[in-house]
Amino acid sequence: MLTIKNLHCQLEDEPETRILKGLDLTVEAGKVHAIMGPNGSGKSTLSYVLSGRDGYEVTDGSATLQGADLLEMEPEERAAAGLFLAFQYPVEIPGVGNMTFLREALNSQRKARGEEPVSAGDFLKLVREKAKTLDISPEMLKRAVNVGFSGGEKKRNEILQMAVLEPKLCILDETDSGLDVDAMKLVAEGVNALRSPDRGFLVITHYQRLLDHIQPDVVHIMAQGRIIQTGGPELALKVENEGYADLLKDLA
Amino acid sequence: MEAPVIESKVPAWRAAFTRFLAEHPAAQFGAQSRRDAFERFEAHGLPTRRHEYWRYTPLRALDPDQALASKGGDPFAAVDGYRLVFVDGVMDASRSDHLALGAAIDVADGSKDCSWVDIVAEDARAHTAVERPFAELNRALCSHGLAARIPAGVKLDKPILLRYEGAQPAHLRVGLLVEDGAEVTVLESGAGALTMLIEARVGSGASLHHLRAQTELVDRQFASLFARVLEGGHFASFTLAADAALIRNETMLDLTGDEARGHVAGGVLGRAGSVIDNTVFVTHAALKGESRQVFKNVLDEDGRGVFQGKILVRKGAQKTDGYQISQSILLDERAEFDAKPELEIYADDVACSHGSTSGAIDETALFYLRSRGVDRRTAESLLVAAFIEEAIAEIADEDLQEVMRGEVARWMTERAG
Ligand SMILES: Nc1ncnc2c1ncn2[C@@H]1O[C@H](COP(=O)(O)OP(=O)(O)OP(=O)(O)O)[C@@H](O)[C@H]1O
Ligand SMILES: [Mg+2]
């Protein structure tokens, strides 16, 4: 589903800052892949490069989603192609209502795919239903995007967007950070509800905790802009118990 | 016989004024005050960048006879109200509700004692801190308009809609005496006025709401508005200006009664070749006055926005609460926004603040929206709508808010096309 080969990137404004240095990664449909790795190893950068944020220059390598070249597309085209990034730091947008935003997003994607827009009534029903399972109140839905939301509420709002947009490939960047125990369960349930044979997940996290709830099929360790090790769920447990020292000792 | 004027600074305007008096015998009635006004205009001359409040706004030449083009339609077309339609500077009675308006309030028509008309003019003339050449030009050359008294306690059921049409560079003048406890809303739209002048007095506990749509302009328009607000009175004005060679809106607000409130807000949408200038002068001359100035500029291509906002707090105007914000989003690197905020305070127990920002659209927010599938243009429209909302929220009437939002959305769509 998602195929990344030898991906290299540097900062546009500071070409000497190279962040991704030959990253290879494949996520198959129906699978959950987790990425762990020390702070600053480039995990968020990977998620931004895949979703098309400005400021990074890809100098080598490729990234495709279901065969389509992601790197050639505008961010909105990537979204319509099925890519979704749950941000590590969701953005507040004063003055733009949550519902307006979500509806605009859903219908833009549908339009790009040649589908009919969802009617106001159906949309409202859809969002209310999904919001309920994530414990997002109707009052929160009425507010501006992420404005006045607590850290945990912002993360739940990301998952709500994901549930409504039904992407093909979901990237979750530290969605667990800032969540209390109950919220973590809600979020995990939200993600698990979306698991399906034709959808892939890339879950970036620092903690085994989240992976207790969202069982990964594959775990990758990322360091210094590359995947340095790939294994099963046991790899995450090893990190949890031993830290990265052992895994990193060969890099130096 | 007119004394020959040697070397007028504005010979074309002098000729236009002489012709005007000859062609409008009725104007002879107020000819002396017109002459006085013209002489003040003439003594000042057309503003240049050397004049303190014209530094950012290039006027260049101004031909008295140059026809005015227009585009688009009347944003207030669907609003129910007392409509007064001025075509080439003269009211078109067949399309106007002047009779119904005259039945509801007191409208000066020369047939009855209307000495109250002078009250508002005197209020405005008392405002002498800065010369207002276009107000003087209007006083000299106005061909028509409205002089209305809203009697004490009368809350006019519908807004008064002033509609300016036609290609003549007309001058229209409006006097409004809103007596104690009265309420009225006045709307202006249309490209068929080169200058407009509103002189208003808002009585104790009275309220005057003013909305101006300058979305159909192509050429130039100079609008002056003087309002004096008495005790506990409320004046609120909102102007939406879009794409014209030059728009200059001057608002002079004098809060002379205790606890008077004055709100002046505006949205500016400017692209290729347009210059839009909002210049506001608020004077606090009494206790516990509250004033707000909220201006939002959206500038694309090489569009230019200018905001000059002054808050003057006179000695003794304690407990004044004055607020001013002017902001711009520059959608193109060629766009420009100039702000000149001024506070001049002679009282010691006041709270006044001002702020101004200018910058590109928020890239982080833009990326967030796009990452959810919203295309760039739509995302920009959403952010622009959100940006301008703070100014639109200053409009009390929700339907009129919606009209203004519609105009902003339309402008953004034109941009996408
Ligand atoms: N826009 C930027 N400007 C400057 N440095 C950047 C920028 N983006 C990323 N970096 C640098 O690139 C490196 C990787 O950052 P990134 O945010 O991708 O790490 P991460 O693996 O997500 O870390 P964390 O676990 O702390 O979230 C860091 O050293 C960071 O400082
Ligand atoms: Mg990160």
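These remarks concern the structure in this document. For clarity, every value in this text was computed on a predicted model and none was experimentally measured.

Glancing now at the interface of chain A and chain B. Each partner contributes to the interface: chain A provides 31 residues, whereas chain B provides 17 residues. Carbon and sulfur atoms make up 67% of the area that chain A and chain B hide from each other, which totals about 1900 Å². Where chain A meets chain B, there are three salt bridges. Taking the shortest distance from any N to any O, the salt bridge between A:Glu76 and B:Arg370 comes out at 2.7 Å. Linking chain A to chain B there are 10 residue pairs in polar contact (both at pLDDT 80 or more). Secondary structure elements with two or more residues in the side of chain A that touches chain B: α1 (43–51), α2 (75–80), β6 (83–86), β7 (93–97), α3 (98–112) and α6 (151–165) of chain A. Here the element with the most residues in the side of chain A that touches chain B is α3(A); it accounts for six residues. Considering only residue class, the side of chain A that touches chain B consists of 17 nonpolar, eight polar and six charged.

Another aspect to go through is the pattern of salt bridges. Residues and elements named next belong to chain B. Counted by the stated rule, this structure contains 49 salt bridges over all chains. With a closest N to O distance of 3.1 Å, Glu 250 and Arg 132 form a salt bridge. One end of the pair, Glu 250, is in strand β12 (residues 246–255); the other, Arg 132, is in the loop between α4 (117–125) and α5 (133–141), with 118 residues separating them in the sequence. One exposure class covers both Glu 250 and Arg 132, and it is buried. Notably, a salt bridge pairs Glu 216 with Arg 163, separated by 2.7 Å at the nearest N-O pair. Of this pair, Glu 216 sits in the loop between β9 (207–214) and β10 (220–229) while Arg 163 sits in strand β5 (residues 160–165), and the two are 53 residues apart along the sequence.

All names here are of chain A. As a structural note, the neighbourhood of ligand 1 is formed by 14 residues, with Gly 40, Lys 43, Ser 44, Thr 45 and His 206 the closest of them. For ligand 1, an oxygen atom lies 2.9 Å from a polar atom in the side chain of Asn 39. Relative to its unbound accessible area of 630 Å², ligand 1 is 61% covered by the protein chains. Tallied by class, the residues present in the shell around ligand 1 amount to four nonpolar, eight polar and two charged.

Residues and elements named next belong to chain B. Positive phi, close to 55°, is recorded for Arg 60, a residue that is not glycine. We note that Asp 88 has phi near 50°; this positive angle belongs to a residue other than glycine. By the secondary structure assignment, Asp 88 is in the loop between β1 (82–87) and β2 (90–91).

Residue and element names in this part refer to chain B. Strand order across the open sheet formed by 10 strands is β2-β1-β5-β7-β9-β11-β13-β15-β17-β19, with mixed pairing between neighbours. Each edge of the sheet is formed by a strand with only one pairing partner; in this case those strands are β2 and β19 (351–360). Direction of pairing for β5 relative to strand β7 (residues 183–189): parallel, over a ladder of four bridges. The residue bridging Ile 160 from the neighbouring strand is Val 186, located in β7. Where helix α7 (residues 376–392) meets the sheet, its contacts fall on β11 (234–242), β13 (261–270), β15 (290–299) and β17 (321–330), and the angle it forms with β15 comes to roughly 155°.

Quick look at the coordination of the magnesium ion (ligand 2) now. Residue and element names in this part refer to chain A. On the protein side, the magnesium ion (ligand 2) has Ser 44 (OG) and Gln 88 (OE1) as donor atoms, found 2.0 to 2.2 Å from it. Of this pair, Ser 44 sits in helix α1 while Gln 88 sits in the loop between β6 and β7, and the two are 44 residues apart along the sequence. A relative accessible area of 18% places Ser 44 in the buried class. We classify Gln 88 as buried; its relative accessible area is 12%.

What counts as what
Residues numbered from 1 in each chain as written. Chains lettered and ligands numbered in written order. Predicted model: local features only at pLDDT ≥ 70, side-chain atom pairs only at ≥ 80, totals over all residues. Heavy atoms only, no water. Contact = heavy atoms within 4.5 Å. Buried area = accessible area lost by both parts, 1.4 Å probe. Salt bridge = Lys/Arg side-chain N within 4 Å of Asp/Glu carboxyl O. Polar contact = N/O pair within 3.5 Å; in protein donor to acceptor, adjacent residues only side chain to side chain. Helix = DSSP H or I, 4+ residues; strand = E, 2+ residues; numbered from the N terminus. Nonpolar A, V, L, I, M, F, W, Y, C, P; charged D, E, K, R; others polar. Buried < 20%, exposed > 50% of the residue type's maximum accessible area, 1.4 Å probe, protein only. Near = heavy atom within 4 Å. Areas by Shrake-Rupley, 256 points an atom, 1.4 Å probe, with all protein chains shown as cover. Pairing = 2+ DSSP bridges. Axes fitted to C-alpha atoms, helices over the stretch in contact; angles between N-to-C directions. Donors = N, O, S within 2.8 Å, 3.2 Å for Na, K, Ca; no water.

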